[in-house]
Amino acid sequence: KFINTSLKPVGETFTWISPQFNGYYIVRNASGMKLVTVKDRSDITDYKDYIYPESQGYMVYKSKEGKWGILNADASVAIAPEFDYLYSFRHGNACAKYSTGWSMIDLSLKKRIPGNWTNIKFPIEDNFNYVWVQSENGKWTALMYSNGTMMFDKGFEDVCNFKKYNKSQYALVKEGAKFGVIRPDGSTAIPVEMNSWDEARRSLTYMISKNIHNWKPIDSYRFRIYNSNARNKGTLSSILKDGVWDY
C-alpha cells in the first residue's frame, strides 16, 4: 500500500510498486499492472498484463489480449498492441516480433528491417551498423541496419554481435564445434578453427596486437604457442654427466 503523510496506509493493496517515474508509479496486483499518478494515485491506464519501465522515452507493455504495444513517456499510446513480443528500447532500437517474424524498430517507431526472421540478436552498443538475424534453416546472417539488405549469403550456426576494435569491426562466429572471426563483408579474419568462444576472442586480440592483416596457418600455430598455459614449461628428460660440457 501507499502511505500518507500520517504514515497510514491508503488506497488499494499491491504486490509491487515501482520507484517514481515522470510523475507516476507502475503498480501490480492480481489484476495486472497499471500506471497511477504520484499526486493522488489515480489511474492513468487500465490494467495491462505487463508494463516495462520507461526506456529511451517509451514503455513497452503487454495487453490483456496477449499482444504487445508501446506507450509514450506521458503514458499516451504510441503504438496500439500489434506485436507478438516486444523488448524495451536500448541503443535507439527495440526488437519486435510480428506475426511474420522478428524485426527492429527505431525511436521514430519506424521498422528498420523486414519482419520475417526466426530470431534476432539485439545490438550491444550505440551506433551499430549491422544486425544478426536467423532464418528458418537455423543459420544466422547479417543485415545492414540502414536499409535492411543482407551483407553476405553465408550463414553461421551461432554468432556474436559485430564490435568495433580500433577502426575495424569484427564478429565471432561458430560452425560445428569450432569458432572463428569474420569481417562485415563476410570474409574470414580468423579461420573457424578455434576451440571456444573465449579462444576465438583471444585470437582476435592477438591478431590486433600483432597487427596481422592476413591470417595464415603459421599465425594459428604462433597463437596457440602464445596462448598455451604450458608454453614456458619443460620436462627434464635426461642428464648430461659431469665432464661432458665445456661450461
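Residues numbered from 1 in each chain as written. Predicted model: local features only at pLDDT ≥ 70, side-chain atom pairs only at ≥ 80, totals over all residues. Heavy atoms only, no water.

Observations concerning the overall build of the protein
Helix and strand counts for the protein stand at 2 helices and 21 strands. Relative to the 2.2 N^0.38 estimate, which gives 18 Å for 247 residues, the radius of gyration of the protein is 27 Å and therefore markedly larger than a compact globule would have. Viewed in the frame of its principal axes, the protein has a C-alpha envelope of about 95 × 50 × 30 Å. Taking all 247 residues of the protein together, the buried fraction comes to 38%. (Helix = DSSP H or I, 4+ residues; strand = E, 2+ residues; numbered from the N terminus. Rg over C-alpha atoms; globule rule 2.2 N^0.38 Å. Buried < 20%, exposed > 50% of the residue type's maximum accessible area, 1.4 Å probe, protein only.)

Some remarks on the environment of Arg 41
Considering the arrangement of structural elements, one finds Arg 41 in the loop between β5 (32–37) and β6 (50–51). Setting aside anything within four residues of it in sequence, one finds Arg 41 in contact with Phe 2, Val 10 and Val 36. (Contact = heavy atoms within 4.5 Å.)

Re the sheet that holds strand β10 (residues 85–86)
Spatially, 4 strands are ordered β10-β11-β12-β13 in an open sheet, and the strand pairing comes out antiparallel. Where the open sheet ends on each side, the last strands, each with one partner, are β10 and β13 (111–117). Relative to β13, strand β12 (residues 101–106) runs antiparallel, the two being bridged by 3 bridges. Considered in β13, the bridge of Ile 105 is made with Lys 111. (Pairing = 2+ DSSP bridges.)

So, unusual backbone geometry
Of note, Ala 75 is a non-glycine position whose phi angle comes to about 80°, a positive value. At Leu 109, a position not held by glycine, the phi torsion is positive, near 65°. Examined against the element boundaries, Leu 109 turns out to sit in the loop between β12 and β13.

Notes on helix α2 (residues 217–227)
Residue pairs three or four apart in sequence face the same way in an α-helix, which turns once every 3.6 residues. Every buried residue of α2 is accounted for by Asp 219, Ser 220, Phe 223 and Asn 227. Here the buried residues of α2 occupy an arc of 100° about the axis, which is enough to place them on one side. Within α2, the exposed residues directed more than 90 degrees away from the buried face are Pro 217 and Tyr 221. Next to the buried residues of α2 lie β21 (188–194) and α1 (197–209). (Arc of directions from axis to C-beta.)

With respect to the packing of α1 against α2
The geometry of α1 relative to α2 is characterised by a closest axis approach of 11 Å and an angle of 110° between their N-to-C directions. Classified by the angle their axes make, α1 and α2 are roughly perpendicular. Together, Glu 199, Arg 202, Ser 203 and Tyr 206 of α1 and Asp 219, Arg 222, Phe 223, Tyr 226 and Asn 227 of α2 make up the contact between the two elements. Tallied by class, the residues present in the contact of α1 with α2 amount to 3 nonpolar, 2 polar and 4 charged. (Axes fitted to C-alpha atoms, helices over the stretch in contact; angles between N-to-C directions. Parallel < 35°, antiparallel > 145°, perpendicular 65-115°, else oblique. Nonpolar A, V, L, I, M, F, W, Y, C, P; charged D, E, K, R; others polar.)

Fair warning: the whole summary comes from geometry, so function is off the table for now.
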